[in-house]
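Coordinate analysis (summary)
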Amino acid sequence: MNQPIAIFARDGLDRAMSELRPKLHRYCARMAGSVIDGEDIVQEVLVKAIEAFSLVAPIANAEGWLFRIAHNTALDFLRRRARQEALVSEEALDMTADPVSTTEERMSVTTSLRTFMRLPTGQRSTVILRDVLGYSLDEIGSLLDSSLPAVKAALHRGRARLRDIAGEPDDRPLPVLAEAERSRLSDYVSRFNARDFDGLRDLLADDVQLELVSRFRRQGRGEVQNYFGRYHERSDWQLRPGLVEGRPAVIVRDPTTRATLHFVLLAWAGDRVVDIRDFRYARYALEGAELFVVE
């Protein structure tokens, strides 16, 4: 936030939200422990920002304003989700120093979203803002409406906790797809890779819902069936069945490099697709995602 983005009109707000959306997602995903829930929070943040703008404009520092909304929205989300560990976050004030440590910063950047959830919310938000997003201590205090000693204390304790967690073994079993889900996904993927888009349209439920994240929403077979035409032009993409954060998904890959490009969440009712959530234009959601391809 070295050069604050000032916004004076609605079009300026739209530009600021578009520019900051990936950064907001990095914060919200780590606060929620999920790239998918993080996107839900970001969308709620943007709605709140649009609703509040007419009451507070002009805004001298759009980034700080949006991140304050994001922080409060993330906390509201955690309360709704009723995770007890996220509700206990009272930190004692002290004057712990903030040593510059590239090792600790690298640890925070590469830490899994699930691990961040093991920090109390005060520590979690401070570590994310400092070590992942690079805000100064003074900026964090302003964003969180917290004193400098409290910010330093939360940062010190959060970093220490992450070091402790890093030494613990990860004994979680790998996620697996149920046979029925694997069969449905495999059928979807096979039709796509064969460019059988008429066959894919046949799989749609009459009341199917589509979200092309950060672009638009559609509902009903008549509107959603045109969605596949957007993929027709990309003959170099291939899909694989998989899981994203334990949820059934198709993984879009570059067949040459095998790099993951983005993912699409699918939900079914019987043998019909009832919900498509496509992250094609929200590739920032790949960062930190627990993603597994079923070969």
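Anything mentioned here points back to the structure above.
Residues numbered from 1 in each chain as written. Predicted model: local features only at pLDDT ≥ 70, side-chain atom pairs only at ≥ 80, totals over all residues. Heavy atoms only, no water.

Remarks on empty space enclosed by the protein
Inspection of every chain in the model, using the stated rule, returns one cavity of 30 Å³ or more. Along its surface, the largest cavity is lined by Tyr188, Phe192, Tyr227, Phe228, Tyr231, Leu239, Val250, Val264 and Asp278. Within the lining of the largest cavity, the residues separate by chemical class into eight nonpolar, no polar and one charged. (1 Å grid on protein atoms, 1.4 Å probe; cavity = no way out; pocket = protein on both sides within 12 Å on 5 of 7 lines; lining within 4 Å. Points joined across faces, edges and corners; volume = space filled by probe spheres on them. Nonpolar A, V, L, I, M, F, W, Y, C, P; charged D, E, K, R; others polar.)

Section: helix H3 (residues 62–81)
The end-to-end C-alpha separation of H3 is 28 Å, in line with the 28 Å expected for 20 residues at 1.5 Å each. By the criterion of burial, H3 is predominantly enclosed, with 14 of the 20 residues buried. Where H3 begins, the capping side chain belongs to Asn61, and its oxygen is found 3.3 Å from the backbone nitrogen of Glu63. (Helix = DSSP H or I, 4+ residues; strand = E, 2+ residues; numbered from the N terminus. Expected span 1.5 Å × (residues − 1). Buried < 20%, exposed > 50% of the residue type's maximum accessible area, 1.4 Å probe, protein only. Polar contact = N/O pair within 3.5 Å; in protein donor to acceptor, adjacent residues only side chain to side chain.)

What to know about the pairing of strand S1 (residues 204–212)
The pairing of S1 with strand S6 (residues 272–278) spans five bridges and is classified as parallel. Paired with Glu211 across the bridge in S6 is Arg277. Looking at chain direction, S1 and strand S2 (residues 216–219) are connected through four bridges and run antiparallel. The residue bridging Leu210 from the neighbouring strand is Arg218, located in S2. From the end of S1 to the start of S2, which pair antiparallel, there are three residues, and Ser214 there has a positive phi angle of about 75°. (Pairing = 2+ DSSP bridges.)

So, the environment of Gly158
If you trace the backbone, Gly158 turns up in helix H8 (residues 148–166). For Gly158, a relative accessible area of 0% gives the class buried. Sequence separation of Gly158 and Leu119 is 39 residues, and the distance between their C-alpha atoms is 6.6 Å.

Side note on the packing of aromatic side chains
Per the stated rule, a full pass over the model turns up six aromatic pairs. Feature note: the residues Tyr27, Phe67 and Tyr135 constitute an aromatic cluster, connected by ring pairs. When the ring centre of Tyr281 is taken as origin, the NZ or CZ atom of Arg215, which lies over that ring, is 3.8 Å away. Of note, Arg218 hangs over the ring of Phe216, and the distance from its end group to the ring centre comes to 4.1 Å. (Phe/Tyr/Trp six-rings, centres within 6.5 Å; stacked < 30°, edge-to-face > 60°. Lys NZ or Arg CZ within 6 Å of the ring centre and 35° of its normal.)

A closer look at the pairing of strand S5 (residues 260–269)
With seven of 10 residues buried, S5 lies mostly within the body of the structure. In terms of strand pairing, strand S4 (residues 247–253) meets S5 through five bridges, oriented antiparallel. The residue of S5 that forms the bridge with Val252 is His262. Where S4 hands over to S5, the hairpin turn is made up of six residues, of which Arg258 adopts a positive phi near 65°. Note that S5 and S6 share six bridges and pair antiparallel. Along S6, the bridge assignment pairs Ala269 with Arg272. Between S5 and the antiparallel strand that follows it, S6, lie two residues; Gly270 among them carries a positive phi value of about 65°.

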